[in-house]
Amino acid sequence: MAEVKAWGAALRRDGRTLALVPTMGYLHDGHLSLMREGRRRADGVATSIFVNPTQFGPKEDLSRYPRDWEGDLARCASAGVDAVFAPEPSVMYPPGYETYVEVTEVSQGLCGARRPGHFRGVATIVTQLLCLFRPEVALFGEKDYQQLQVIRAMNRDLHLGVDIVGMPTVREPDGLAMSSRNAYLSPDERKRALAISRGMGKAQALFQAGTGEVPALLEAVREELRAADLREDYVELVDAERLTPLASVRPGQPARLLVAAFCGATRLIDNQPLGG
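Keep in mind that this is a model prediction, so the values were computed, not measured.

Cut-offs applied
Once a new chain begins, its residue numbering starts again from 1 and follows that chain's sequence as written. This being a predicted model, a pLDDT of at least 70 is required before a residue's local features are given, and a value of 80 or more before pairs of side-chain atoms are given or counted; all residues contribute to the totals for chains, interfaces and linings. As a convention, hydrogens and water are excluded, and side-chain values are obtained from all of the structure's heavy atoms. What makes a salt bridge here is a side-chain nitrogen of Lys or Arg within 4 Å of a carboxyl oxygen of Asp or Glu, nothing more. Secondary structure elements are defined from DSSP: runs of H or I of at least 4 residues count as helices, runs of E of at least 2 residues count as strands, and each element is numbered from the N terminus. Burial here depends on accessible area, computed with a 1.4 Å probe over protein chains only, as a share of the maximum for the residue type. Under 20% is buried, over 50% is exposed, and the range in between is partly exposed. UniProt positions are given in the numbering used here, feature names are shortened, and annotations may be inferred rather than shown by experiment. Contacts are assigned to residue pairs that have any heavy atoms within 4.5 Å of one another. Within 3.5 Å is the distance limit for a polar contact, defined as a pair of N or O atoms, with the added protein rule that one can donate a hydrogen and the other accept it, and that residues adjacent in sequence qualify only through two side-chain atoms.

Moving on: the pattern of salt bridges. Where charged atoms of side chains with opposite charge meet at close range, the side chains can pair. The final tally for this structure, using the stated rule, is 21 salt bridges. Among the ionic pairs, Glu-60 bridges to Arg-115, the shortest N-O distance being 2.8 Å. Of the two residues, Glu-60 is situated in the loop between strand E2 (44-49) and helix H3 (69-78) and Arg-115 in the loop between helix H5 (110-114) and helix H6 (118-133); the sequence distance between them amounts to 55 residues. Residue Glu-60 is classed as partly exposed on the basis of its relative accessible area of 30%. The class for Arg-115 is buried, based on a relative accessible area of 12%. A salt bridge links Arg-156 to Asp-157; the nearest nitrogen and oxygen atoms lie 2.8 Å apart. Beyond isolated ion pairs, a larger network of salt bridges with shared partners links Glu-37, Arg-40, Arg-41 and Asp-163.

This is how it looks when you write it as structure tokens:
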């Protein structure tokens, strides 16, 4: 902790700005896009690699979450990262730790309903990292869209003053959203997982053709999930900022289509803007 604070203080003394990219490691091109944008926006870039235990439920994949320390360091270097912070859980949550951050509204529903306590863990660790590094800007991927909105609300309400930047989802050439959990997919599951982006594309085409009724747009996604034997967790069309469900959507209205589905045992999430 002292080393992190000293490094950040030295940057500030020199009048240099800092961009922070929090991650859980097993880095892919989506993470690297955040780091490169951080380099564009600030004088220095720091990345955290920390599989945060407080955002995993008791039956989730904390122990088997993919890790690649040497590969992650090489990728950070290739993206021009200046500092990598990779603490042990006992550093972030020492004995006697009792302070947690909870965002009460945009954390409801969607992943918040399916993963109780998840966003409390996310908001807590991101608050810690922002307080430790005191960056001018912090970058997050839009693939975890509800998480991004939780972090924006936390940053606003706690007056942390950080510029929270959401970056577009980076996809494989065939449309699959890049995710560390894609490593869990078998070759057959990898093919079937494309039903998520395919379904969102069908919904987008329907909307562009003039369909604004939400049930029809959601059914376009669900048809693709069923055809690929993916088990729906949720398919929802929500207000892009407040994440409240919409009954209809019109051109120019900021709205977000969010999908979570199980491909085999692996839970995948994705989203795209619709209407705004």
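Moving on from the coordinates now.
Per the UniProt entry, the sites bearing "binding site: (R)-pantoate" (unreviewed entry) are Gln-55 and Gln-147 in this numbering. A compact arrangement is adopted by the annotated residues: their sequence extent is 93 residues, whereas the largest C-alpha distance between any two is 11.2 Å. Following the sequence through the fold, Gln-55 ends up in the loop between E2 and H3. Beyond its immediate chain neighbours, meaning those up to four positions away, Gln-55 contacts Met-24, Glu-60, Arg-115, His-118, Gly-121, Val-122 and Ile-125. Side chain to side chain, Gln-55 and Asn-52 meet in a polar contact 2.9 Å long. One can find Gln-147 in helix H7 (residues 145-157). Given a relative accessible area of 17%, Gln-147 falls into the buried group.

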